[in-house]
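# Structural description and commentary
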Amino acid sequence: MNPLPHTALAAPVITTQPPQIDYALLAPLLVVFAAGVIGVLVEAFVPRPRRRAVQFTLAALALVAAFVLTVVRVALLPAGGAGLTVASASIAVDRPTLFFQGTILVMAIASLLLIAEHRHGESAFAAQAATVPGSEEERAHVLAGSQHTEVYPLVLFAVLGMLMFPASNDFLTMFIALEVMSLPLYLLCGLARRRRLFSQEAAVKYFLLGAFSSAFFLFGIAMVYGYAGSVNFAVIHDTVAAGGAGALPGGGPLLLLGIALVGVGLLFKVGAVPFHSWKPDVYQGAPTPITALMASGTLVAAFGALLRVFYVAFGGSVAEWRPMMWVVAVLTMVLAAVVAVTQRDIKRLLAYSSVVHAGFVLTAVVAASAEGLAGAMFYLAAYGFTTVGAFAVVTLVRVHEGGAESGDIASWAGLGRTSPVLAGSLALFLLAFAGIPLTSGFIGKFAVFEAAVSAGATPLVVVGVLSSAVTAFFYVRIIVLMFFAEPAEARPRVLRPGRLTGAVIGVGVVATLVLGVFPGPVLDRLSPAPGAGTAEAQSVPGGFATTADLFANR
Amino acid sequence: MLALLTAHFAAALLAPLLVRRWGRTAFLMLAAVPGAAAVWALLHAPGVVAGHPVTTRIPWAPEFSLTLAFRMDALGLVMTLIAAGIGTLVLVYCARYFSDDEPGLGRFAGVLTAFAGAMLGLVLADDLIQLFVYWELTTVFSYLLIGHRAELRESRRAAMTALVVTTLGGLAMLVGVIMLGEAAGSYLVSDILADPPRGTVVTVALALVLVGALSKSALLPFSLWLPAAMQAPTPVSGYLHAAAMVKAGVYLVARLTPAFGDLPVWQVTALAFGAVTMVLAGWRALREYDLKLLLAYGTVSQLGFLTVLLGAGTRDAALAGLAMLCAHALFKAPLFLVVGIIDHSTGTRDLRELSGLRRAMPVTFWTAVVALASMAGLPPTAGFVAKEAAFEALTHTGPAGPVVLAAVVLGSVCTVGYSLRFLWGAFAGKPDVAPTPVHAPGPLFVAPAVVLAALSLAGGPLAGAVDPVVAGYADTVRWTGGAEAQHLALWHGVGLPLALSALCVAGGLVLFGLRERVAWLGHRLELVDADRVYRRTLAAVDSFALQVTGFTQRGSLPIYLGTTLVTVVVLSGIPIIQGRLWTMEAPPVRLWDSPVQLVPAIITVVAALGVLRVRRRLFAVVLVGLTGYGTATLFALQGAPDLALTQFLVETVSLVVFVLVLRRLPPRFSTPALRGRRLGNLLIGAATGLLVAAMAYFALAGRRAESISTGFPDAAREAGGTNIISVILVDLRAWDTMGEISVLAVAAAGVASLMFLRRRTQPVRGRPGERAVPLAAAPVADGTAGSAGAPWQPTVLTTAPRQLRVEPRWNPLWLPGAQALARERRSIVFEVIARALFPVVMLLSVYLLFVGHTDVGGGFAGGIVAGLGLMVRYLAGGRYELYAAVRAQPGALIGMGLVIATGTALAGAVFGTEILAGGAFDLHIPLVGDLHLTSALVFDFGVYLLVIGLVLDILRSLGARVDEQLEKESPTERQAEEVTP
């Protein structure tokens, strides 16, 4: 293809033919979107008492169907090749996309189970979010058993954004995906049933900071467009590879500016230092099932997008962005680990832990290689399962029966004696976070660190390992507290896990162990076999010409 | 080999069940598992010694070159025998050490068995990563074992210390291992040994690996965890901290010495840390009173010794080292077991309290004597053989040899000293201490220690038989030349080694003789307490973390945002400045078209800056409005009357809406932040503003395509209009407008749903609107309201009614709804003006709607003008006037607008060629003139209705609804207002 369609630039071409779209490849996105729209209609037309069941069924069916379709799509990919692009090259369907989408869908299903969990007619969401916290109206709604079934379509829309985010093959599609993903989440964050002011504060903070980061992302897109004359990743890549030939004369700084600003937008979503400050507040304030969704799905989606942007669009300017990523990765791993030590609230702690893990994945991004991509992908999947499981456990530990979640870690003392299975699961998750062998966390850490070392980023790995030592310290402290300390005076009440929550915890445990002990089958599918890639790849024996070849970009 | 490992872990899983069923006897069954491993190793021993290592290789995760690779060579064989053999004996010992009702015994048994498995894997692993996996597993299991008595605070703390220190070392090792593997291109130990890589990376990697090894083997400066770990039950100490786990570090050194023993980093580190540790820990052991602690420091000292020998990088040293390793396992384990027996039988381990045990427990005594002799290096024990070999090897080890030898001799002197101290302390009768009461240990309890001690004793005479095994490993180490290859033997003849041995014994006797003084001196000379350093470090990390948290995570949005903005400014500032972006060719920027533009521009800027200064919300809103009006004026001057009109109208509506909302907010902004903070915020804001402005400018530089606006005049003419803006809105970009009005509708619904929430979802009640009183009745009912002093209160009418019937009859009042207002809020002038103005305003709005296609105006502007008319009526006459002014519900208006717009769009598809296709016809109306009607007008009418609905909705919810709330919340206040006219 002509890398620089100047003729196309000069006069906007208005097409009269509708674009050819391979709907089969877009099917999962369409299914989720349709279910979301139907969900909105359900709100309008289905009588109130039946809504929850209908919505849940609809959402669950849609997500499962989307997952099945995602798996089926693997067969549609050209054998050994990088992948395909759909809808005027705005969406890429390749192995990384399918892997990320599959992962996101599984995480979303797990989160949906948590969202749907009901106990004595109470969910994790406010009875009526618009009432003033503590007001008479609120009480009336709680007594009347009001529910926000709008949560389900909102979650579906957010998932749609997540699915689109790592699949976007141009910046504008990516921006739309970003917004589709973020807006429902801003809203969902403010819907916690308890500590509502806190929840609303979190939502406002998330929204404001997120709006700023989106703005920077857009600015960055404008700058990159100024440089390359296109928002398409492949074109940008070619322009960069051609040394900006044909692009704006002397426009190199525009590209750098664009990289920096786009990077800010993406790193914000990922939650890397110094753009992490929203994470603890939002994770703590949001309803825990939503936190689980954000900590798994959003993180995976954001990293998927980050990898695509930095490997494909900016794959030719690795030298330019690597220093930035280095600094961010080091800051992320060090600062978040240090701060996490002082946390007394389990959700905040998990939030910081998520920040630290983002730093670990960033070390794989820095590698800018096939191993880096595979490592990051494995890490994200492994982390996602574990974190959903951990948040599922958090939903069960309450101050008292029917009370708020007991976030204070000190009150978890002795939990290992009273509820050994639950505490054991959490201990397993924490060990996986710490990267103890035979859990998925270890393989993930090993994969990203190996990629970073082979790319010459050893100092980064040293920092990473030191920070895992610090994080291991506070994870283990919780385990010690649960199993070896005397139960606290005001012992939290541990709810019996419902079927849904139990399933989520079980899946988390199994995934953590299986990925830790038998990582082979998953790893096999992560990256195309070296040498079997695109034509360019074949010209370089035994490897990929550039990181861009790992993705479908034509 | 995999089967053996699996058996261990399976047994570990079963252990709790076994213990529950059979109590402590279950340990005997569990002992069979490591026993089988030991037997298996023995069976393969001949082959291994003959140079045929046993190997297994199963791919695990080939993508990351992870393999399940096992390999048992000579070193592996020795280590397997130690780990499995002593493991068996310790498990047997456990069967008598514990009582059946020990809490958590099942878990303990499982963990101990699992630990044996991990240890076995560790010494057999041929893959570095796999080795690391077992390494960490032993750490975790040892943590669980040390913390077995979880109820003891000390126990928990010790477990934590061990975990932190060894995990830290382990992770450092992981980095080293990965670097090593990447440098060698393979993670297989046998590959690395066959072809050792070299280079700076390897040097760093080895340093990191050594950190791991030293921390695991509790060498200085990591030694603190081992004495602390003596909180563990004695079998654990005997196994983990004498025979198995602490040997892991030494094993790793031994494993890699054949490949890297010639590198200075390896030799120097091993020799220096080993020697220093050996001396200092030996010295420390001389003043311990707890038998177990004495042994612990002794172990640290001996581990230093082993590191010296195995890391020295010569063949003879390696030979001596491996021999010493065996000897150490054979004497230290029984000593720990003996301590356990003593502790169990007497209830104390303090050597100041023990007395006369020699007679009370003769078997134990003699066991200890043999083991101690081996430890002190007395003939004819295994310890003696190993120590002789060590002295011999060190006499010709490079330039550092003499120093190291001196240190080792010094350490050995201490060893003899503390061996005697142990013997005396544990068994001797002390004149001033009453003989300790003892209950005799059973035979099975003592047996493991006896077996091990016997092996210690036999090791000396049988040195020749052991030699080929040990040499099998030593021969892989670089041969330094010089003296002929050394062999293990009980008698080497008279020479330097023998003399040194004698010196050690003599020195040890002196130290023992002066034991009180030595202890005193030791206390005086104590430099640093490692434990205190450790605790201080942890505390420092904690407080540092707290400070960092306090600094970065205040929960304050301005700080979060400030951080992000500063980062963005810095990140983007770099390319701008570095790339000298201003030198880039950019389109010329005109300062102004006419200087008149400067006036509104300055007003806008001054107003914007003023917003930052004012403290009252109302002023701020007015100033913000001013910036809007300034911009509108600029539009007008630029030649865009449509934009200007729309901007003026929107600005006005928002000002009113703002004021309506501000009623519910405090009049002033919250107290200002510190002056410095505000200044900082100001700077950040200014910098960000500058950046964004700069980017906007540079973005212009990137433009290469022609602006699409050049084609608009033609397109507008084609569409039959002359007002480009309006044509864009309702024709060219009608799709966009469709989207936008939908968004408006949704926003209106959102506003309304928030404000009318209660009505929407309140528990069921009567038909909506039923309670509403027909307003027409009101004026009649309150004919004398004005004179009565208390205004008419339609108390029943508290919510916006669905329907209001205003009877069309003559009414003498200007605005009937205003009757309901408090007198002091009424203004007759305002009412008159509102009444008079309303029809004019409505007419104007309709005019704007119709001329939109050809002249300034349009549905949006018209709708807003109509909304302003309603607004005036509301402001003059209060909420009942508003209800009376428009009978329709805002929702209905919005919906109808949306339907009309959509209908037009669809009609285009039905009657025309595509969705939103336009049509036009001209109409001549007498008096009015020609009217050019297009389908776009109908579309615009939809927009018009929708905008009116939106404004009405806002007025009802933010105006009328808030009025209601205010009245309800402060009836007293209102009454107070009423009395004071």
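Each chain has its residues counted from 1, running along the sequence as written. Starting at A for chains and at 1 for ligands, labels are handed out in the order in which the entities are written. Per-residue local features are limited, in this predicted model, to residues with pLDDT of at least 70; the limit for side-chain atom pairs, both in listing and counting, is 80 or more; totals at the level of whole chains, interfaces and linings are taken over all residues. The side-chain figures draw on all heavy atoms in the structure; neither hydrogens nor water molecules are used.

Counting secondary structure elements, chain A contains 22 helices and four strands. The method behind every accessible area is Shrake-Rupley, applied with a 1.4 Å probe, and residues are considered shielded solely by the protein chains displayed. Total accessible area on chain A stands at roughly 17700 Å², and carbon and sulfur atoms take up 69% of it. A run of H or I in DSSP counts as a helix once it spans at least four residues, and a run of E counts as a strand once it spans at least two, with each numbered from the N terminus.

Once that is clear, we can look at the overall build of chain B. Of regular secondary structure, chain B possesses 39 helices and four strands. Considering only residue pairs separated by 6 or more positions, chain B has 79% of its internal contacts joining residues 24 or more positions apart. For chain B, the accessible area works out to roughly 42800 Å², and carbon and sulfur atoms hold 67% of it. Every residue pair with non-hydrogen atoms within 4.5 Å of one another is taken to be in contact.

A few words on helix 36 (residues 859-885) of chain B. Residues and elements named next belong to chain B. By this rule, a helix spans an expected 1.5 Å times one less than how many residues it contains. Counted at 1.5 Å a residue, the expected span for helix 36 with its 27 residues is 39 Å, but the 21 Å between its end C-alpha atoms falls short. In this analysis the local bend is the angle between axes fitted, respectively, to the seven residues ending at and the seven residues starting at the residue. Remark: the principal bend of helix 36, roughly 135°, maps to G878. Burial within helix 36 is extensive, with 23 of its 27 residues counted as buried. Exposure classes here rest on a 1.4 Å probe applied to the protein chains alone. A residue is buried below 20% of its type maximum, exposed above 50%, and partly exposed in between.

Another aspect to go through is helix 27 (residues 641-662) of chain B. Residues and elements named next belong to chain B. Over its 22 residues, helix 27 extends 31 Å from the first C-alpha to the last, a length consistent with the 32 Å expected when each residue adds 1.5 Å. If you check which residues of helix 27 are buried, you get D642, A644, L649, E651, V653, V656, V657, L660 and L662. Turning to helix 27, the residues buried within the fold contact helix 26 (617-638), helix 30 (724-732), helix 36 and helix 38 (935-969).

Take the pairing of strand 2 (residues 91-94) of chain A next. Across a regular strand the side chains alternate sides, sitting on one face of the sheet and then on the other. Residue and element names in this part refer to chain A. Of the two faces of strand 2, the one holding I91 and V93 and the one holding A92 and D94 are both buried throughout. Here strand 1 (residues 83-86) pairs with strand 2 via four bridges, running antiparallel. The partner of T85 across the bridge, within strand 2, is A92. Strand pairing follows a simple DSSP-based rule, namely that at least 2 bridges must link the two strands. The loop that links strand 1 with its antiparallel partner strand 2 comprises four residues; one of these, A87, has a positive phi angle of about 55°.

Bringing a nonpolar patch on the surface into the picture now. To count toward a patch, a residue needs a relative accessible area above 30% and no salt bridge. Like charges then connect within 9 Å, nonpolar side chains (Val, Leu, Ile, Met, Phe, Trp, Tyr) within 5 Å. Think of a salt bridge as a Lys or Arg side-chain nitrogen and an Asp or Glu carboxyl oxygen that are within 4 Å of each other. Taken together, the side chains of I828, V829, F830, I833, L837, V840 and L875 of chain B present a nonpolar region at the surface, about 610 Å² in accessible area. Counting residues per element, the nonpolar patch draws most heavily on helix 35 (residues 828-851) of chain B, at six residues.

A few words now on the confidence of the model for chain A. Residues and elements named next belong to chain A. Residue-level confidence of the predictor is summarised by pLDDT, bounded by 0 at the bottom and 100 at the top. Summary statistics for chain A give a mean pLDDT of 83 and a share of 89% for residues scoring 70 or more. Helix 6 (residues 151-164) holds the highest mean pLDDT among the elements of chain A, 95, whereas helix 22 (residues 535-539) holds the lowest, 30. Note on residues 1-12: pLDDT is under 50 here. Beyond four places in sequence and across chains, it has 15 contacts. Across residues 528-545, where pLDDT falls below 50, the model places 25 contacts with residues more than four positions away in sequence or in other chains.

What follows deals with the packing of aromatic side chains. All names here are of chain A. Aromatic rings from Phe, Tyr and Trp, with only the six-membered ring used for Trp, were paired whenever their centres fell within 6.5 Å, and each pair was classed as stacked if the ring planes differed by under 30 degrees, edge-to-face if by over 60, and tilted otherwise. In this structure the tally under the stated criterion is 37 aromatic pairs over all chains. For the pair F175 and F217, a centre-to-centre distance of 6.3 Å together with 15° between the ring planes defines the contact as stacked. Here F175, found in helix 7 (residues 171-189), pairs with F217, found in helix 8 (residues 196-228); they are 42 residues apart in sequence, far enough to count as distant. F217 gets classed as buried once you look at its relative accessible area, which sits at 0%. Taken together, a centroid distance of 5.3 Å and an interplanar angle of 80° make the contact between Y186 and F207 edge-to-face. Remark: F207 occurs in helix 8 and Y186 occurs in helix 7; sequence separation between them is 21 residues. The buried category is assigned to Y186, whose relative accessible area is 7%.

This brings us to the interface of chain A and chain B. At the interface, 84 residues of chain A touch 70 residues of chain B. Defined in terms of a 1.4 Å probe, buried area is the accessible area two parts forfeit on being brought together, summed over both. With both sides pooled, the region where chain A packs onto chain B buries about 6500 Å², and carbon together with sulfur makes up 79% of that total. Summed over the shared surface of chain A and chain B, the result is zero salt bridges. Under the rule applied, a polar contact is a pair of N or O atoms within 3.5 Å (in protein, one hydrogen donor and one hydrogen acceptor; residues adjacent in sequence only if both atoms are side-chain atoms). Taken together, chain A and chain B are joined by two residue pairs in polar contact (both at pLDDT 80 or more). Polar here means any residue outside two lists: the nonpolar Ala, Val, Leu, Ile, Met, Phe, Trp, Tyr, Cys and Pro, and the charged Asp, Glu, Lys and Arg; Gly therefore counts as polar. The residue inventory of the side of chain A that touches chain B, partitioned by class, reads 55 nonpolar, 19 polar and ten charged.

This part covers the side chain of S215 of chain B. Relative to the helices and strands, S215 of chain B is located in helix 8 (residues 200-216). In this structure S215 of chain B touches V165, T166, G169, G170, F222 and W225 of chain B, once residues within four positions along its chain are discounted.

Moving on to the packing of helix 14 (residues 346-367) of chain A against helix 19 (residues 458-484) of chain A. Residues and elements named next belong to chain A. Note on method: axes are straight lines fitted to C-alpha atoms, helices fitted across the in-contact stretch only, with angles between N-to-C directions ranging 0 to 180 degrees. Contact pair helix 14 / helix 19: the axes reach a minimum separation of 11 Å and the direction vectors enclose 160°. Considered as vectors, helix 14 and helix 19 are oriented roughly antiparallel to each other. Remark: the crossing between helix 14 and helix 19 carries left-handed chirality. In this structure, helix 14 contributes I346, L349, S353, V356, H357, F360, T363 and V366 to the contact, and helix 19 contributes L460, G464, S467, S468, T471, F474, Y475 and I478. Residues of the contact of helix 14 with helix 19, tallied by class, amount to nine nonpolar, seven polar and no charged. Relative orientations are named as follows: roughly parallel for angles under 35 degrees, roughly antiparallel for angles over 145 degrees, roughly perpendicular for angles from 65 to 115 degrees, and oblique for any other angle. Take the far helix as the reference: if the near one is turned anticlockwise from it by less than a right angle, the crossing is left-handed, and if turned clockwise, right-handed.

Taken as a whole, this structure holds 16 salt bridges over all chains when the rule is applied. In this structure, the salt-bridge partner of R349 of chain B is D343 of chain B, at a minimum N-O distance of 3.5 Å.

Turning to the nonpolar core, a few remarks are in order. To qualify as a nonpolar core, a set must consist of buried Ala, Val, Leu, Ile, Met, Phe, Trp, Tyr and Cys residues joined through side-chain atoms within 4.5 Å. Counting residues in each nonpolar core, the largest one holds 421 residues, and the members touching the most others are F171 and F314 of chain A. Top contributing element to this core by residue count: helix 14 (residues 315-346) of chain B, with 21 residues. In contact with F171 of chain A, other than residues within four places in its own chain, are F217, I221, V224, V231, F233, I236, V262, V309 and F314 of chain A. The next biggest cluster of nonpolar side chains, apart from the first, holds 43 residues, and it includes L649, V656, L882 and A936 of chain B.

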